[in-house]
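Architecture and fold: a report
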Amino acid sequence: MAPHLARRTSRFRIHPGTVNATTMQDASLLLLEILSRRIPSAAGSWRKRVEQVTGIGARARLVREAPGAVAGETSTWFDRDQFLSTFTAAARALGKAPLALQADERDALEAALGSRAAEDWRLDELGRVTLLALVSRRLPEIEVESLLWTCYQQGDSRERQALLRALPFVTGAERSLPLAVDACRTNELPVFEAIACENRYPAAYFPDLNFNQMVLKAMFMGVALARIVGLERRRTSELARMAEDFASERRAAGRSVPADIGLLTPKHEHEHERATRIPE
């Protein structure tokens, strides 16, 4: 265990569901610290490129001591093509090994994420999430929004997954709502899971209609509802009605009903749901 992180863990005790500039600022520094411990020696050139494309190289001290001091400055320093190249090269430079988080790292990330999502991340995913979190602190929000769309549209499946997992850490994250909603339309399960599962973004930003549609699609795709962060808080009578309609349609078609559908009904209705469910 790294003792210096253990001493700093308390600063990352973020209340699950809370999304603000300080949360994202602290989380991006935490991600960078954990990534820095794992960058292979052969990937030193990639690390230098990260410093260049995110603006943390020569200005690193200023960013640490006064993170907000550079947020409004011009982005003429930013090379989009170089950033996209570095983003894509993460898998080749870092590899896809499991993170093998230490206990203090896991606790700090859980506080920042609102879930234990990062336990299943691979090193290339951590690298890409960190890239996006860091660069978003230096660019105007409208430029961040455009960059995220470009990364998503041009990215392969793993790049899209990493981008969606990065959304909770990105400054001006609410501007990426259309992108996140669009990602829920995918039929590619890993991409859908990246936005719907172990990700606090939907519960924090999705309107009820989009959140409910995502939950229904999760059931349709066989995704466990317990993986949706903030589901209990976002559960409504309308979502319960939609879930019952979904169940009725599947029963009428002779199809199975997800065993965890009771999570979408008020707690006092759970027993009634189990008692009236048609045997499958």
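Refer to the preceding data block for the structure.
This section reports on the structure supplied with the text. (Residues numbered from 1 in each chain as written. Predicted model: local features only at pLDDT ≥ 70, side-chain atom pairs only at ≥ 80, totals over all residues. Heavy atoms only, no water.)

Here we look at unusual backbone geometry
Phi at Ala 100 is positive, roughly 50°, even though this residue is not glycine. Along the chain, the position of Ala 100 falls in the loop between α6 (90-94) and α7 (103-113). Residue class for Ala 100 comes out exposed when judged on its relative accessible area of 63%. The backbone of Glu 198 shows a phi angle near 50°, a positive value even though the residue is not glycine. Relative to the helices and strands, Glu 198 is located in the loop between α12 (189-196) and α13 (201-205). (Helix = DSSP H or I, 4+ residues; strand = E, 2+ residues; numbered from the N terminus. Buried < 20%, exposed > 50% of the residue type's maximum accessible area, 1.4 Å probe, protein only.)

Concerning helix α9 (residues 141-154)
With 14 residues, α9 ought to run about 20 Å at 1.5 Å a step, and its terminal C-alpha atoms sit 20 Å apart, in line with that. For α9, the set of buried residues is Val 144, Leu 147, Leu 148, Thr 150, Cys 151 and Tyr 152. (Expected span 1.5 Å × (residues − 1).)

Section: the pattern of salt bridges
One pass over the full model with this rule turns up 17 salt bridges. Salt-bridge contacts for Asp 182 lead to Arg 185; the nearest nitrogen and oxygen are separated by 3.2 Å. The exposure class assigned to Arg 185 is exposed, which follows from its relative accessible area of 56%. The closest approach of N and O atoms between Glu 244 and Arg 251, which form a salt bridge, is 3.4 Å. (Salt bridge = Lys/Arg side-chain N within 4 Å of Asp/Glu carboxyl O.)

Focus on helix α10 (residues 157-166)
Helical geometry note: an α-helix holds 3.6 residues per turn, so side chains three or four residues apart project in the same direction. Counting buried residues in α10 gives seven out of 10 residues, a clear majority hidden from the surface. Inspection of α10 places Glu 159, Gln 161, Ala 162, Leu 163, Leu 164, Arg 165 and Ala 166 among the buried residues, and these make up the whole buried set. Sitting at the head of α10, Asp 156 places a side-chain oxygen 3.2 Å from the backbone nitrogen of Arg 158. (Polar contact = N/O pair within 3.5 Å; in protein donor to acceptor, adjacent residues only side chain to side chain.)

A short note on the packing of helix α5 (residues 80-88) against α9
Viewed as axis vectors pointing N to C, α5 and α9 meet at an angle of 45°, and their least axial separation amounts to 11 Å. Classed by the angle they form, the pair α5 and α9 counts as oblique. Where α5 crosses over α9, the handedness of that crossing is right-handed. Contact residues: Arg 80, Phe 83, Leu 84 and Phe 87 in α5; Glu 143, Ser 146, Leu 147, Thr 150, Cys 151 and Gln 154 in α9. Classifying every residue of the contact of α5 with α9 gives five nonpolar, three polar and two charged. (Axes fitted to C-alpha atoms, helices over the stretch in contact; angles between N-to-C directions. Parallel < 35°, antiparallel > 145°, perpendicular 65-115°, else oblique. Left-handed = near helix turned anticlockwise from the far one by under 90°. Contact = heavy atoms within 4.5 Å. Nonpolar A, V, L, I, M, F, W, Y, C, P; charged D, E, K, R; others polar.)

With respect to the nonpolar core
By size, the foremost hydrophobic cluster in this structure holds 78 residues, and its most contacted members are Trp 46, Phe 83 and Leu 164. For this core, the leading source of residues is helix α8 (residues 123-136), giving seven residues. (Core = buried A, V, L, I, M, F, W, Y, C linked by side-chain atoms within 4.5 Å.)

Describing the state of the cysteines
Under the criterion given, the structure shown has zero disulfides. Summary of cysteine pairing: Cys 184 is not part of a disulfide, and the nearest cysteine sulfur, belonging to Cys 197, is at 9.9 Å. A relative accessible area of 10% means that Cys 184 is categorised as buried. (Disulfide = S-S within 2.5 Å.)

What to know about the packing of α8 against α10
At a minimum axis distance of 9 Å, the contact between α8 and α10 shows a crossing angle of 50°. The pairing of α8 with α10 is recorded here as oblique in orientation. The chirality of how α8 crosses α10 is right-handed. In contact with Asp 124, Glu 125, Arg 128, Val 129 and Leu 132 of α8, α10 contributes Arg 158, Glu 159, Gln 161, Ala 162, Leu 163, Arg 165 and Ala 166. Here the contact of α8 with α10 is built from residues that sort into five nonpolar, one polar and six charged.

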